[in-house]
Each structure stands twice: as C-alpha cells, then as structure tokens.
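Structure assessment
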Amino acid sequence: MQRLSARYIAGPTLADARRVVAELNAAGKLATVDVLGEEIALPEEAEAIAQAYLDVLAAIEADGLQASVSVKLTGLGLKLSLDLCRRNLETVVRDAASRNTFVRMDMEDSSTTDDTLLLFRELREAGHENVGVVLQARLRRTVADVQALADLRPSVRICKGIYLEPAGVAFQEFEAVRANFVAALDALLDAGCYVAVATHDEWLIGEALRRVQGMSPAAYELQMLLGVRESRATELVAAGHRLRVYVPFGQRWYEYSLRRLQENPKMAGYIAGDVVNRLVPGRRAS
Ligand SMILES: Cc1cc2nc3c(=O)[nH]c(=O)nc-3n(C[C@H](O)[C@H](O)[C@H](O)COP(=O)(O)OP(=O)(O)OC[C@H]3O[C@@H](n4cnc5c(N)ncnc54)[C@H](O)[C@@H]3O)c2cc1C
C-alpha cells in the first residue's frame with residue numbers, strides 16, 4: 001500500500017503538496033489540493049482539517065500556485081453535525097475568497113448527497129461565488145440534480161462516482177454510467193454551467209472534447225487524478241485545454257489508497273509493472 005501511495009499521493013506533508021503542485025504548474029497543469037482526512041470522529045478533528053485547509057490556502061497564495069482546494073464534507077464534520085460542518089466549510093470558503101481561490105466540494109457516498117447540495121446552495125445564495133460542487137454519473141438522480149441547481153449556474157465537476165451504491169440509487173452497468181455521464185454533461189452545458197469533466201475514460205474524454213469544441217478554453221476544464229494517465233494529460237494541455245490534477249496529501253493515505261485499489265484492482269498490476277520497469281533495462285515506463 002505504501003508503494004501505491006507514492007504514486008497517487010503527493011506525500012504526507014504540505015511541503016510535499018507544494019512541491020508537486022509547483023511541478024504540475026510548471027508543466028502547464030492546474031491543481032486542486034485535497035487534505036486526506038476522512039473518517040474523523042471528533043469535532044476537534046474536523047476543526048483541525050479546516051485549519052489544514054487554511055494552511056493550504058496560505059501556501060497557494062504565498063507560492064503563487066495555480067491551484068484550488070477540494071474538500072470532503074465528512075472531513076469537515078458532516079457526520080457529527082450539519083452545523084459544525086457548515087461552520088468549517090464557511091471558514092474555508094471565506095478564507096479562499098480572500099485569497100482569490102476556489103473551493104470544490106467533493107461528493108461522497110449517496111447518504112451525503114442531499115446535505116452536500118443543501119450546503120452548496122446555502123453558500124451560493126449567501127453570495128459565495130468561489131465554490132463549486134461535484135455530481136456523480138453513477139447516481140440515477142444526477143440529471144435531476146443538474147436541473148434543480150440550474151438557477152445557480154453552478155460550477156460542477158462531473159465524474160462517474162467512486163462509491164459502490166445499491167441498484168436503487170445507482171446505475172450498475174459500465175455503459176449505463178457512461179450514458180448518464182454524457183446526459184449530465186449535456187444538461188450542464190445546456191444550463192450554461194462551468195463544467196469540470198473528471199475522467200480518465202478515453203471514450204468520455206472524446207465525447208467531452210466534441211461537445212466543448214469551439215468553446216473558449218476558459219469555459220470548461222478537464223480533470224484527472226495525480227498519477228493516472230499523466231501522458232494523456234500532457235497531450236490535452238498541449239492541445240490547449242485547461243487541465244487540473246487532483247493532488248491529495250496527508251497522513252491518511254491508507255483510506256485513499258484503499259478506495260482507489262477497491263475501485264481499480266488493476267492497480268496492483270500497474271505496481272507490479274513499475275517494479276518490472278525498474279528491473280528490466282530498456283523496458284518502457286508506463
Ligand atoms: C479530478 C477527479 C476528481 C474526482 N472527484 C470525485 C468525487 O468528488 N466523488 C467521487 O465519487 N468520485 C470522484 N472521482 C472519481 C471518479 O468518480 C471515478 O471513480 C474515477 O475517476 C474513475 O473513473 P473514470 O471516469 O476515470 O473511468 P474508468 O472507466 O474507471 O477508468 C478509465 C481508465 O482510466 C484508468 N484509471 C482510472 N482510474 C484509475 C486509477 N485510480 N489508477 C490507475 N488507472 C486508472 C484505467 O486505465 C481505466 O481503464 C474523481 C475523479 C477525478 C479524476
């Protein structure tokens with residue numbers, strides 16, 4: 001698991017995240033920084049995560065980095081109390097605004113969707129423009145959620161959704177998730193939203209690129225995870241697209257790595273491939 005985290009996580013400290021984001025920026029890529037801190041049990045832990053985000057925001061400003069932050073509401077205390085989470089989230093969003101930075105509210109499992117959309121709406125209705133949300137193509141409700149949010153012209157990251165969900169709320173088949181992704185993307189573009197298309201699925205990248213053809217590159221962005229399809233990301237930047245890389249850092253690398261491994265068991269193969277690449281001279285790195 002430690003081998004895994006080296007590839008998908010900037011490292012345990014903020015200094016690691018600063019270094020990785022600076023390298024991405026130098027390669028023309030934007031970043032969004034995630035403080036790993038799920039599964040918190042105490043209000044003080046949620047407050048510590050909020051403080052960690054304030055440190056990230058200060059670092060982004062101090063280093064002049066092209067980066068936003070991505071927050072998980074459970075990390076800010078959602079499962080402990082909605083009020084606690086609201087307070088922590090507002091603290092982060094206000095601080096980000098004072099530094100001209102953007103806050104993306106990650107979407108977690110379907111038990112959190114309503115609260116996440118509620119807090120997002122509250123923030124936007126209170127005049128906070130530097131905040132966006134995530135919708136998951138896996139969920140059956142997603143196109144309806146786009147329609148319900150359309151009055152806000154929200155900034156939305158659309159992704160497949162990483163959490164395994166029951167059939168009652170989520171599509172189970174690969175092609176159904178893809179189809180819903182495209183439907184949600186169309187609904188977002190029709191509603192004039194700023195869309196962040198977060199996928200490594202080449203077919204979906206193609207569908208997205210067809211749809212944004214002719215649009216200003218400032219009107220949308222593509223997003224990928226740190227350590228995944230890096231050469232494709234570089235090509236997309238060279239082709240003139242805005243591309244943002246999701247950069248997790250922190251001590252809680254175990255939960256993050258485990259989720260990625262559960263989602264994509266092929267990763268164990270990639271790790272084995274890395275080892276072979278190191279051992280066999282002349283073999284091309286993946
Ligand atoms: C920037 C970003 C932010 C995200 N935010 C959220 C969020 O807030 N909430 C949420 O539920 N989910 C989030 N996700 C995860 C997302 O929902 C998917 O689970 C994940 O992106 C895999 O789906 P895919 O669209 O890449 O397609 P897939 O079909 O899963 O992947 C396509 C191909 O990409 C490669 N690939 C994909 N993932 C990996 C990996 N981890 N390691 C190595 N190769 C890989 C493989 O070659 C795979 O065949 C985010 C993803 C990204 C890129």
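Scroll up to find the structure.
Reading guide: rules and limits
Here the residue numbering is sequential within each chain, running from 1 through the sequence in written order. Thresholds applied to this predicted model are a pLDDT of at least 70 for local features of residues and 80 or more for the giving and counting of side-chain atom pairs; totals over whole chains, interfaces and linings are not thresholded and use all residues. Only heavy atoms go into the side-chain values, all of them from the structure, while hydrogens and water stay out. Put simply, two rings from Phe, Tyr or Trp (the six-membered ring, in Trp's case) pair if the centres are within 6.5 Å, and we call them stacked under 30 degrees between planes, edge-to-face over 60, tilted for the rest. Definition used: whenever NZ (Lys) or CZ (Arg) falls within 6 Å of the ring centre and also within 35 degrees of the ring normal, the charge is taken to sit over that ring. The pairing criterion for strands is at least two bridges between them, as found by DSSP. Helix and strand assignments follow DSSP, with helices taken as H or I runs no shorter than four residues and strands as E runs no shorter than two, numbered in order from the N terminus. Note on definitions: angles span 0 to 180 degrees between N-to-C directions of axes, and those axes are lines fitted to C-alpha atoms, for helices only across the stretch in contact. Whether two residues touch is decided by their heavy atoms; if any such pair falls within 4.5 Å, the residues are in contact. We call a set of buried Ala, Val, Leu, Ile, Met, Phe, Trp, Tyr and Cys residues a nonpolar core when their side-chain atoms join them within 4.5 Å. Categorising residues by exposure relies on relative accessible area from a 1.4 Å probe, with only protein chains included: less than 20% of the type maximum marks a residue as buried, more than 50% marks it as exposed, and the intermediate range marks it as partly exposed. What a helix is expected to span follows from its residue count: subtract one and scale by 1.5 Å. Arc definition: directions from the helix axis to the C-beta atoms. Orientation is classified from the angle alone, with under 35 degrees giving roughly parallel, over 145 giving roughly antiparallel, 65 to 115 giving roughly perpendicular, and any other angle giving oblique. By definition, turning the near helix anticlockwise from the far helix through less than a right angle yields a left-handed crossing, and turning it clockwise yields a right-handed one. Residues are grouped as follows: Ala, Val, Leu, Ile, Met, Phe, Trp, Tyr, Cys and Pro are nonpolar; Asp, Glu, Lys and Arg are charged; all remaining types, including Gly, are polar.

Following the criterion strictly, the structure yields zero aromatic pairs and no others. Directly above the ring of Phe171 sits Arg140, whose terminal nitrogen or CZ lies 4.7 Å from the centroid.

Reading around the circumference, β1-β2-β3-β4-β5-β6-β7-β8 is the order of the eight strands in this closed barrel, with parallel pairing throughout. Each adjacent strand pair in this sheet contributes to an overall mean axis angle of 30°, direction not counted. Bridging between strand β4 (residues 131–136) and strand β5 (residues 155–159) involves four bridges; their strand directions are parallel. Of the residues in β5, the one forming a bridge with Gln136 is Cys159. Contacting β1 (30–35), β2 (67–71) and β8 (243–249), helix α3 (residues 43–63) runs over the sheet at an angle of about 170° to β2.

Val71, Leu73, Leu89, Met105, Ile158 and Val247 are the most contacted members of the largest nonpolar core, which totals 73 residues. Per element, the largest residue contribution to this core is eight residues, and it comes from α3. Beyond its immediate sequence surroundings of up to four residues, Val71 is in contact with Tyr53, Leu76, Leu89, Val92, Val103, Arg104, Met105 and Asp106. Tyr8, Ile9, Val228 and Tyr246 belong to the second-largest nonpolar core, a separate cluster that totals six residues.

Now for the pairing of β1. In terms of burial, β1 is largely enclosed, as six of its six residues are buried. Where β1 and β8 come together, six bridges link them in parallel fashion. Directly across from Val33, in β8, lies its bridge partner Val247. One ladder, built from four bridges, connects β1 with β2; its direction is parallel. Paired with Val33 across the strands is Val69, a residue of β2.

With respect to the helices and strands, the residue Gly64 is situated in the loop between α3 and β2. On the accessibility criterion, Gly64 (58% relative accessible area) is exposed. With 42 residues separating them in the primary sequence, Gly64 and Ala22 have C-alpha atoms 9.0 Å apart.

This part covers the environment of Asp186. Within the fold, Asp186 resides in helix α7 (residues 174–190). In this structure the C-alpha to C-alpha distance between Asp186 and Val143, which are 43 residues apart in sequence, comes to 9.3 Å.

Here we come to α7. Since there are 3.6 residues in each turn of an α-helix, residues three or four apart along the chain are aligned in direction. Between its terminal C-alpha atoms α7 stretches 25 Å, which fits the 24 Å expected from 17 residues at 1.5 Å a residue. What α7 keeps buried is the set Val177, Arg178, Asn180, Phe181, Val182, Ala184, Leu185, Ala187 and Leu188. Lining the buried residues of α7 we find α6 (142–149), β5, β6 (194–198) and α8 (202–212). Just downstream of α7 lies Gly192, where phi reads positive at about 75°.

Of the residues making up α6, those classed as buried are Thr142, Asp145, Val146 and Leu149. Mapping the buried residues of α6 onto a view down its axis gives an arc of 105°, with all of them on the same face. Along its buried surface, α6 packs onto α5 (113–125), β4, β5 and α7.

Trans peptide bonds make up the majority, and among non-glycine residues the majority have a negative phi. Phi at Arg153 takes a positive value of approximately 40°, unusual for a residue other than glycine. As for its position among the elements, Arg153 is in the loop between α6 and β5.

Running from N to C, α7 and α8 point in directions that differ by 20°, and their axes come no closer than 11 Å. One way to sum up the angle between α7 and α8 is to call them roughly parallel. For the pair α7 and α8, the sense of crossing is right-handed. Residues Arg178, Phe181, Val182, Leu185, Asp186 and Leu189 of α7 form the contact with α8, whose participating residues are Trp203, Leu204, Glu207, Ala208 and Arg211. Here the contact of α7 with α8 is built from residues that sort into seven nonpolar, no polar and four charged.

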